[in-house]
Amino acid sequence: MKSKNLSEKILRSVKSKGFKYIDLPSVIEANHIVQRSGENFRKFIFSFTDQNGSELCLRPDLTIASCLRYLENNLKGKEKIFYSGQAYRKSNNKGDSIIRDQVGFEIIGSKDEKKDDKEIINTALKSLSNLQYSSGTLKIGNVEIFNLLISKLDIPKRWKLRLSRHFWREEYFNDLLKRLETNSDVDPTIVEVDKKRYLKMLKDNQQTIVAGRSIEEILKRFDNKIKDPRRASRGKNVSKIIKEFLKINCPIGQAAEKLNIFFKKNKINLVVDQKYFPTSLNKIQKLNVEFSASFGRQLEYYTGMVFKIDIKSKSKNINVINGGRYDKLISDLGSKKQVPAVGAALNLNY
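Quick caveat: nothing in here was measured; it's all calculated off a predicted structure.

Student: Hey, could you run me through the packing of helix α1 (residues 4–15) against helix α4 (residues 113–128) in this one?
Tutor: Describing two packed helices takes the angle between their axes plus the distance from one axis to the other. Closest axis-to-axis distance for the α1/α4 pair is 9 Å, and the angle between their directions is 145 degrees. Crossing of α1 over α4 shows right-handed handedness. Contacts from Ile10, Ser13 and Val14 in α1 reach Thr123, Lys126 and Ser127 in α4. Grouping the constituent residues of the contact of α1 with α4 by class yields two nonpolar, three polar and one charged.

Laid out in structure tokens, this is it:
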């Protein structure tokens, strides 16, 4: 961990922007994490069972702990909060630390999305002024633009949902694009066999579980597949459009222009205004500011603007700040209403 003095300077910087300090619990229910990130994420958490048989874990993520606090305390309206502490997560890389010291800050419950996005980035920039570095990059993306693009493409609804849902899983997402190009999951012979199984399963108990899903769910999915087919030629074109979109990378001041040229070329009914982005400045402090259409695949819960700040210090390129908008996280954790939220965390272990 860096010096206590540095940590206190960063905390004072965040507080000066009107954020209120809060304490977060170090232990949370493991199911909150698994529900959000899937069973595969379980291998990365430090979990244990309490005397009542409940599975608990050390918090692997401060943002989820903060959103749980908002939900469980039945809080309403806007909150500007900040916190500091440690997140605990196992890693496949033996060189990585399992303990991450962080300072985080969030705006929860405010409906002024664009203003809040700017404020979070400005707060990140102010906290960054406490660090020594020679140059760096502020990279900005937006998951919402990707989802809007997918909604306009000429593919079945089930494929739109699939591509949006798995955008953050880069390897699996690329595999989906290959399947879209080749039509490999809709082999006519296999479909005929599946039709026979479909007719047979209609007579079975619809609540019987097969491979983790009820027969009712399996039949519904197959029914959608038959009623909403796709052609291989169409899939190839859609895959090409998506790949071309994900290659867009430019100074932030050119983002709207580049995107609109892309949309027009591919006859996609979308237009983006430059005001949509939190800044149009290509240089802020010692940072080059870039837009990347493919950025935002680090965490599943991001829904809109995402950003990261990498700096060069002592000839090393270091990622120090990550953040973004996660408007669905609190409702996914159990809220009956969707609560807007945006925030960022500064890594003190660099």
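Student: Sorry, what's going on with the sheet that holds strand β4 (residues 55–58) here?
Tutor: What links the strands of a sheet is backbone hydrogen bonding, and the strands pair in either a parallel or an antiparallel sense. Read across the sheet, three strands follow the order β2-β4-β3 without closing on themselves; strand pairing throughout is antiparallel. Taken across any chain shown, the strands that pair with only one partner, and hence form the sheet edges, are β2 (27–29) and β3 (47–49). Ignoring which end each strand starts from, the neighbouring axes of this sheet average 35 degrees apart. Sheet analysis places β2 next to β4, joined by three bridges and oriented antiparallel. Following the sheet pairing, Glu29 is matched in β4 by Leu56.

Student: What is the right way to look at α1 in this model?
Tutor: At 3.6 residues per turn, the α-helix brings residues three or four places apart onto the same side. For α1, which comprises 12 residues, the first-to-last C-alpha distance of 16 Å matches the rise-based estimate of 16 Å (1.5 Å per residue) to within 8%. Those residues of α1 that fall on the buried side of the exposure criterion are Leu6, Ser7, Ile10, Leu11, Ser13 and Val14. For α1, the angular spread of buried residues about the axis comes to 155 degrees, placing them on one side. Turned more than 90 degrees away from the buried face of α1 sit Lys4 and Lys15, all of them exposed. In the core, the buried residues of α1 are packed alongside β1 (20–21), β5 (79–88), β6 (99–108), α4 and β15 (341–347).

Student: Where do I start with the packing of aromatic side chains in this structure?
Tutor: In this description, an aromatic ring pair is defined by two values, namely the gap between the centres and the angle between the planes. According to the stated counting rule, one finds 12 aromatic pairs in the structure shown. Centre to centre, the rings of Phe19 and Phe105 are 6.1 Å apart; their planes meet at 70 degrees, and the pair counts as edge-to-face. Taken together, the residues Phe19 in the loop between α1 and β1 and Phe105 in strand β6 connect sequence positions 86 residues apart. With a relative accessible area of 4%, Phe19 lands in the buried category. Take Phe105: its relative accessible area is 1%, and that puts it in the buried class. When the centroid spacing of 5.6 Å and the interplanar angle of 70 degrees are considered together, the rings of Tyr301 and Tyr326 count as edge-to-face. Of the two residues, Tyr301 sits in the loop between β12 (287–292) and β13 (305–313) while Tyr326 sits in the loop between β14 (316–325) and α12 (329–332), which places them 25 residues apart along the sequence. For Tyr326, a relative accessible area of 2% translates into the label buried.

Student: It is not clear to me how the pairing of β5 should be interpreted in this structure. Could you clarify?
Tutor: On a regular strand, one side chain projects to one face of the sheet and the next to the other, so that they alternate. With seven of 10 residues buried, β5 is to be regarded as a mostly interior element. One ladder, built from two bridges, connects β1 with β5; its direction is parallel. Looking across to β5, one finds that Lys20 is bridged to Ile81. Relative to β6, β5 runs antiparallel, the two sharing 10 bridges. Counted as the bridge partner of Glu79 is Ile108 from β6.

Student: Sorry if this is basic, but what is going on with the pairing of β12 here?
Tutor: Note that strand β7 (residues 135–142) and β12 share five bridges and pair parallel. Residue Leu138 lies in a different strand from β12, and its bridge partner there is Val289. When strand β10 (residues 249–251) meets β12, the two strands line up antiparallel, connected through three bridges. Within β12, the residue paired with Cys250 across the bridge is Phe291. Sheet topology note: the strand β11 (residues 283–284)/β12 ladder contains two bridges and is antiparallel. The residue bridging Ile284 from the neighbouring strand is Leu287, located in β12. Between β11 and β12, which follow one another and run antiparallel, lie two residues, and Gln285 among them has a positive phi close to 55 degrees.

The rules behind the values
- Residues numbered from 1 in each chain as written.
- Predicted model: local features only at pLDDT ≥ 70, side-chain atom pairs only at ≥ 80, totals over all residues.
- Heavy atoms only, no water.
- Axes fitted to C-alpha atoms, helices over the stretch in contact; angles between N-to-C directions.
- Helix = DSSP H or I, 4+ residues; strand = E, 2+ residues; numbered from the N terminus.
- Left-handed = near helix turned anticlockwise from the far one by under 90°.
- Contact = heavy atoms within 4.5 Å.
- Nonpolar A, V, L, I, M, F, W, Y, C, P; charged D, E, K, R; others polar.
- Pairing = 2+ DSSP bridges.
- Expected span 1.5 Å × (residues − 1).
- Buried < 20%, exposed > 50% of the residue type's maximum accessible area, 1.4 Å probe, protein only.
- Arc of directions from axis to C-beta.
- Phe/Tyr/Trp six-rings, centres within 6.5 Å; stacked < 30°, edge-to-face > 60°.

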